[in-house]
Structure formats: C-alpha cells, structure tokens
Amino acid sequence: MDKYNIDDLIYLMQRLREPEYGCPWDIKQDFSSIVPYTLEECYEVIDAIESKDWPHLAEELGDLLFQIIFYSQLAAEQQRFDLSDVIHILVDKLIRRHPHVFIDQQLHTRAKVTLSERQISDSWESIKQRERAAKKTPEQGLSSVLDDIPKALPALIRADKLQRRASKVGFDWDQITPVIEKIEEELAELKEAISSRNILNIKDEMGDVLFAQVNLARHLGVNAEEALRGTNQKFTRRFNYVEKQVVKAGRHWDDFSLSELDAYWDAAKKRGL
C-alpha cells in the first residue's frame, strides 16, 4: 500500500467536517474549542523527545500536524485562509529572515554563509523588529520591543523571552553578581510579605522571585523551563522510590515520620535516581 500524503490528510479533514456525513464531534468544534488539544499535543511531542521515544515521536508529530490542518480547514470554511496560505506565509517569512542563505530573497539561490552565529542572531532580531513595526498602524504608534511575545506561553518561557527581548536593547546586566543580588533582594521582600500575611503581596513577591530566578538561569545559559522539567522528572523518580519502600514496609504513610521518609529519599539519591 502506498503511503498517505498531505493531500490525503487535507481530504480526511474535509470529510470529518462534512455537515451531513462527517464526525459529529469534529463538526461542532471551533478555533477556541481545540486550543486545549493543541497545547496537549505540543507537550506530548516534547515528552516523546525527552524520552527519546522516536517511534512515538512520529505519531505525536502527526497529531500536532493535525491541529494545523484542523485550524486551516476551519479558516477555509470561513473564507479567511487555507493551508496553502499558511505554507506560503511561512516560506516567505523564513526566506525573508534568512537573507544570508537565500540571496536576493530567492528560494533556490545558493551562496556560502559567511556570517557568525551572533551576526545571524542580530540580523534575525533586526528583521523581526522591522516586521513588528510594519504591523502597527499609524494610529497605534510605535511598536513595543515586547510585542508579539504570546501571553499564553508557559510563564517561565514567557519570562525568559521578555528578558531576552529587553536585553536586545541594552536593558540588562552585563555581570552575574547584580543578578544574584536581585534574587536576594526579592527574597527579602517575599519574607516581609509573608510576615505581613498579605496574600496579594505574597503572590506578587513570589512572582518577582521566580522572574529573577529565570533571569539568573538566562545569564547562566540555562533554559529555565527545561531545568524545571528536569527537576520535576527527578522528583517523580525519587518519590516513586519512596512510595515503593512504603509499600514494601507494609505500613501506611501516616505511620512514617518525615525523617524516615527522608531516609528513603536520600537512598534514592544515592542510587542516582
């Protein structure tokens, strides 16, 4: 049997959305209703990559691609755009943002790339800044350097992007010491808020502490989101070990003191979990 192709997938999506013969669930969906599924599929792709589950990754990438096909079909039904427009806009943008690869903005021209990674990064940001400015109408005035950073991003990722964007215009420390001092300052303010028992202040100061920690991670060249995901996985492995020891002992959780549970935790650490 020949492999299905992108045209088959587009046709399948059209069939699913047919008012009379399609799938009732797919027919009733709209842009907003499938957003949660899109987020879920993105995280499942990431999970497959981090697990190095390559066969499963192929499946998860297909599920993510289906989300794009779904949105494009909804847009086509509303005569807004279709998948061919999505592809054209993407290719056009990538050609525009890679002038060092696509000479004279032509897809099929070739030339040896001589720019450094830093020069390429600076060029990319400069082009994006011009694109942001071009999207603004005269009534909207000058665009912010923070424009187009999606508000729906996970908070740690968005904090990192906000900081990187501000850094591009010089709003950043050039040494690590003041970054660490800022964390200490925010921690002191959090302690003060805790003492006052004002929940709104505590929430606000807790956010400042997290934001400052993301900034430290950025200065250290560490992706804060990846670092925290790694720690979450590590915590899960070690806690699972503690659970197994509790079950093996034949006792209930309430029968253990915290020091006993900590001993199991330390044993998990020694095992390299």
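Student: How would you summarise the environment of Glu181 if you had to cite specific residues and measurements?
Tutor: For Glu181, the location among the structural elements is in helix H8 (residues 177-196). Considering only alpha carbons, one finds Glu181 and Ala212, 31 residues apart in sequence, at a separation of 9.6 Å.

Student: Describe the packing of aromatic side chains, and please don't skip the residues or the numbers.
Tutor: With the rule as written, the count across this model stands at seven aromatic pairs. With 5.4 Å between their ring centres and 50 degrees between their planes, Phe235 and Trp265 make a pair best called tilted. You can see Phe235 sitting in helix H10 (residues 224-249) and its partner Trp265 sitting in helix H11 (residues 258-270), a full 30 residues away along the chain. Ring geometry for Phe239 versus Trp253: centroids 5.6 Å apart, planes at 10 degrees, classification stacked. Residue Phe239 is found in helix H10, and its partner Trp253 is found in the loop between H10 and H11; the two are separated by 14 residues along the sequence.

Student: Could you give me a rundown of H8, with the residues and numbers involved?
Tutor: For H8, which comprises 20 residues, the first-to-last C-alpha distance of 29 Å matches the rise-based estimate of 28 Å (1.5 Å per residue) to within 8%. Every buried residue of H8 is listed here: Pro178, Val179, Ile183, Glu186, Leu190 and Ala193. End-on view of H8: buried residues confined to an arc of 150 degrees, all on one side of the axis. Of the residues in H8, the exposed ones pointing more than 90 degrees away from the buried face are Lys191, Glu192 and Ser195. Buried residues belonging to H8 abut helix H9 (199-219). With its phi angle positive at about 60 degrees, Arg197 sits one or two positions after the end of H8.

So, how was this worked out
Residues numbered from 1 in each chain as written. Predicted model: local features only at pLDDT ≥ 70, side-chain atom pairs only at ≥ 80, totals over all residues. Heavy atoms only, no water. Helix = DSSP H or I, 4+ residues; strand = E, 2+ residues; numbered from the N terminus. Phe/Tyr/Trp six-rings, centres within 6.5 Å; stacked < 30°, edge-to-face > 60°. Expected span 1.5 Å × (residues − 1). Buried < 20%, exposed > 50% of the residue type's maximum accessible area, 1.4 Å probe, protein only. Arc of directions from axis to C-beta. Contact = heavy atoms within 4.5 Å.

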